[in-house]
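# Tertiary structure, described
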Amino acid sequence: MRLFLDTANIDLIKQGVAWGVVSGVTTNPTLVAQEGISDYESVIKKICEIVPGEVSAEVTAEGKDNMFEQGLAISKWHPNVVVKVPCTVDGYEVAAHLAKEGVKVNMTLCFSPNQALLAALAGAYFVSPFVGRLDDISTDGIALIEDIVDILHIPEFNTQIISASIRHPMHVLQSAKAGADVATVPFKVLQQMMKHPLTDAGQTKFMEDWHKVSGK
Ligand code: E4P
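Residues numbered from 1 in each chain as written. Predicted model: local features only at pLDDT ≥ 70, side-chain atom pairs only at ≥ 80, totals over all residues. Heavy atoms only, no water.

### Observations regarding the layout of surface pockets
Rules: A pocket here means an open set of points on a 1 Å grid, computed over the protein atoms alone, that has protein on both sides within 12 Å along at least five of seven lines. A cavity is instead a set of points where a 1.4 Å probe fits but cannot get out; residues with an atom within 4 Å of a point line either one. Grid points are joined across faces, edges and corners, and a volume is the space filled by probe spheres set on the points. In this text, helices come from DSSP runs of H or I with a minimum length of four residues, and strands from runs of E with a minimum of two, each type numbered from the N-terminal end. All amino acids are sorted into three groups, where Ala, Val, Leu, Ile, Met, Phe, Trp, Tyr, Cys and Pro are nonpolar, Asp, Glu, Lys and Arg are charged, and the leftover types, Gly among them, are polar.
Of the voids in this model, the largest pocket is the one considered here, and its volume is about 230 Å³. Lining the largest pocket are 17 residues; nearest its centre among them are D6, N28, F130, R133 and S165. Among the elements that take part in the lining of the largest pocket, helix α2 (residues 29–34) stands out by supplying 3 residues, more than any other. Taken together, the residues that form the lining of the largest pocket break down as 5 nonpolar, 8 polar and 4 charged.

Quick look at the structure:
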């Protein structure tokens, strides 16, 4: 399973890529607003220069014609841009239309297996089930990933599953075990994944012993 960062913060993306473990980025209007960004296009272009893989940018226009036009424009920002379209009634039509034009689409705000099936039938490149938001309302988010993996992992479908709305490292582990193609994680979760107290204690002891024997 690949890892994406779920942020629009340039410094955090640079760090994630420097660690060699992040191969893509997802953004959404809320994440962009959190960074106080008004020029979405410039930021997405900058992110595309930093990360080696796909960068999702979400349509914000209303009405299917406007969503389609905006999606088409966004797709031209950079070859690695993936256009994020919500799993709404208009969204499926927009996604299908964009996919027919050769645009890579990430269908977002997916909360049910049937929505994922429709995203795949519409020709989406990615579908993003939101694990944490389901857990928040006492529904099993990882079970949704398992169902979607079952449904989409047949040769007729090429849609990749991004496990999204990740809240903690166990969500990442469970997503990988369930067979998600990607997990998009907040920077904090990436940091939490790196840490283990036995690694820190072991490294401290190794260095103490090395200093003793080397005299340095
Ligand atoms: C996915 O692409 C979304 O940006 C994201 O994971 C939303 O998660 P949230 O529930 O933390 O807002």
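### Describing a negative patch on the surface
Basically, it comes down to this: In this scheme, patches are assembled from residues that exceed 30% relative accessible area and form no salt bridge. Like charges are connected within 9 Å, while nonpolar side chains (Val, Leu, Ile, Met, Phe, Trp, Tyr) are connected within 5 Å. In this description, accessible areas are obtained by the Shrake-Rupley approach with a 1.4 Å probe, and a residue is regarded as covered only by the protein chains that are shown. Every case where a carboxyl oxygen of Asp or Glu lies within 4 Å of a side-chain nitrogen of Lys or Arg is listed as a salt bridge. Think of it this way: Lys and Arg go in the positive column, Asp and Glu in the negative one, and His and the chain ends go nowhere. Working definition for charges: the position is that of NZ of Lys, CZ of Arg, CG of Asp or CD of Glu. Buried residues are those whose accessible area, probed at 1.4 Å on protein chains only, stays under 20% of the maximum for their type, while exposed residues exceed 50% and partly exposed ones sit between those limits.
Where like charges cluster on the molecular surface, the negative patch consists of D135, D140, E146, D147 and D150. Ranked by residue count, the leading element in the negative patch is helix α8 (residues 141–152), at 3 residues. In this structure E146 comes out as partly exposed when scored by relative accessible area, which is 41%.

### A short note on the side chain of S163
Where we set the bar: We call two N or O atoms a polar contact when they sit within 3.5 Å, provided that within protein one can donate a hydrogen and the other can accept it, with sequence-adjacent residues counted only if both atoms are side-chain atoms. Any two residues whose heavy atoms approach within 4.5 Å are treated as being in contact.
Residue position: S163 is located in strand β7 (residues 160–163). Reaching out from S163, the side chain makes a polar contact with the side chain of S175 at a distance of 2.7 Å. Sequence-distant contacts of S163, defined by excluding residues within four places in its chain, comprise P129, V131, I145, S175, A180, V182, A183 and T184.

### A short note on the packing of helix α6 (residues 113–121) against α8
How we decide: As a rule, the C-alpha atoms of each element are fitted with a line to give its axis, helices using only the stretch in contact, and angles between N-to-C directions run from 0 to 180 degrees. Should the near helix be turned anticlockwise from the far one by less than a right angle, the crossing is left-handed, and should it be turned clockwise, the crossing is right-handed.
One way to put it is that α6 packs onto α8 with a least axis distance of 9 Å and a crossing angle of 35°. Helix-helix and strand crossings are classified by hand; for α6 and α8 the assignment is right-handed. In contact with P113, A116, L117 and A120 of α6, α8 contributes L144, D147, I148, I151 and L152. Taken together, the residues of the contact of α6 with α8 sort by class into 8 nonpolar, no polar and 1 charged.

### Examining helix α4 (residues 64–75)
This is how the line gets drawn: Here, expected helix span is obtained from the residue count minus one, scaled by 1.5 Å. Relevant arc is that of directions from the helix axis to the C-beta atoms, nothing else.
The end-to-end C-alpha distance of α4 is 16 Å, a good match for the 16 Å that 12 residues give at a rise of 1.5 Å each. Taken residue by residue, α4 has M67, F68, G71, L72 and I74 as its buried positions. The buried side chains of α4 occupy one side of the element, clustering within an arc of 160° when seen end-on. In this fold, the buried residues of α4 make contact with β3 (55–58), β4 (81–86) and α5 (89–100).

### Some details on the site of the ligand
Rules: Here a residue is near a molecule or strand as soon as one of its heavy atoms is found within 4 Å of it. Think of it this way: a molecule belongs to a cavity or pocket when more than half its atoms come within 2 Å of the grid points there.
Within the structure, the ligand sits among D6, T26, N28, L31, K84, F130, R133, A164, S165 and R167. Between K84 and the ligand, the recorded distance is 2.6 Å, taken from a side-chain N or O atom to an oxygen atom. R167 is positioned such that a nitrogen or oxygen atom in its side chain is 3.0 Å from an oxygen atom of the ligand. Burial of the ligand by the surrounding chains reaches 86%, relative to a free accessible area of 340 Å². More than half of the atoms of the ligand fall within 2 Å of the grid points belonging to the largest pocket.

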